[in-house]
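# Examining the three-dimensional arrangement
Below, each chain spelled out in residue letters.
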Amino acid sequence: MRRYPEFTAEDERWMRQALAVADRAEREDNEVPVGAVLVSAEGELLAEGSNRNINEHDPTAHAEIVALRRAGQRLQNYRLTGTTLYVTLEPCAMCAMALVHARVARVVYAARDPKTGAAGSVFDLLEDSRHNHRVQVDGGLLAEEAGQRLTDYFRRKRAKPAL
């Protein structure tokens, strides 16, 4: 990950859309508010995804995986070359390797994940030189906003019910 990435207005636009997807996931489905948006090299929205673990009883239904699956179906191809994924939380190891296998070109994430982050926080799977494909990683875009959503969500979930 570059230490001080320069984000464009388009980067911010897409990350705001990913944040909106995260908000919908929490509001409508009571899911952990993580959202992902996959964009083509031409700047076209290919797919959105939000965490679906709880409602689908699926430990693999992370926002990134949902977006990759939807884009693959739309394009009728498991290779998503030239795409950029905007995600509100740093990808975990499972999602990072799916991004490598899908040949995603770039990942832009908001909040770091100091426990399971695999885009530089705990592991650095996306830019590992041992892979035949490396994903460019730019982190920290709207990090405080995304991080606060997650903090607030878990505080509400862990609050003790009133007596």
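Cut-offs and rules
- Residues numbered from 1 in each chain as written.
- Predicted model: local features only at pLDDT ≥ 70, side-chain atom pairs only at ≥ 80, totals over all residues.
- Heavy atoms only, no water.
- Core = buried A, V, L, I, M, F, W, Y, C linked by side-chain atoms within 4.5 Å.
- Buried < 20%, exposed > 50% of the residue type's maximum accessible area, 1.4 Å probe, protein only.
- Helix = DSSP H or I, 4+ residues; strand = E, 2+ residues; numbered from the N terminus.
- Contact = heavy atoms within 4.5 Å.
- UniProt positions renumbered as here; feature names shortened; annotations may be inferred.
- Pairing = 2+ DSSP bridges.
- Expected span 1.5 Å × (residues − 1).
- Polar contact = N/O pair within 3.5 Å; in protein donor to acceptor, adjacent residues only side chain to side chain.

## Considerations on the nonpolar core
One finds Met 15, Leu 38, Leu 85, Val 104, Val 107 and Leu 126 to be the most contacted residues of the largest nonpolar core, which totals 42 residues. For this core, the secondary structure elements donating two or more residues are helix H1 (9-29), strand S1 (35-39), strand S2 (45-50), helix H3 (63-75), strand S3 (84-89), helix H4 (93-102), strand S4 (106-111) and helix H5 (143-158). With near-sequence residues (within four places) excluded, Leu 38 lies in contact with Glu 44, Leu 45, Leu 46, Ala 47, Leu 68, Ala 71, Leu 80, Thr 83, Thr 84, Leu 85 and Val 104.

## Details of the UniProt feature "active site" (unreviewed entry) in the protein chain
Within the UniProt annotation, "active site" (unreviewed entry) is assigned to Glu 64. Glu 64 gets classed as buried once you look at its relative accessible area, which sits at 4%. Ignoring anything within four residues of it in the chain, the contact list for Glu 64 reads Ala 36, Leu 85, Val 87, Leu 89, Glu 90, Pro 91, Cys 92 and Cys 95.

## Overview of the pairing of S2
Relative to S2, S1 is paired through 5 bridges, and the arrangement is antiparallel. Residue pairing for S2: Gly 35 is matched across the bridge by Ser 50. Hairpin connection between S1 and S2: a loop of 5 residues separates the two successive antiparallel strands, and Gly 43 in this loop has a positive phi of roughly 85 degrees.

## Here we look at H3
Two residues of an α-helix separated by three or four positions point the same way, owing to the 3.6 residues in each turn. Under the 1.5 Å per step criterion, the end-to-end length of H3 is 18 Å for 13 residues, consistent within 8% with the ideal 18 Å. Within H3 the residues assigned to the buried category are Ala 63, Glu 64, Ile 65, Val 66, Ala 67, Leu 68, Ala 71 and Gly 72.

## Focus on the UniProt feature "binding site: Zn(2+)" (unreviewed entry) in the protein chain
Here the UniProt feature "binding site: Zn(2+)" (unreviewed entry) sits at His 62, Cys 92 and Cys 95. Spanning 34 residues, the named residues nonetheless gather at one spot, since no C-alpha pair among them exceeds 9.2 Å. For His 62, the position within the fold is in the loop between helix H2 (53-56) and H3. The contacts of His 62, once residues within four sequence positions are left out, are Ser 50, Asn 51, Asn 53, Cys 92, Met 94 and Cys 95. A polar side-chain atom of His 62 sits 3.5 Å from the main-chain carbonyl oxygen of Pro 59. Within the secondary structure, Cys 95 sits in helix H4. The class for Cys 95 is buried, based on a relative accessible area of 0%.

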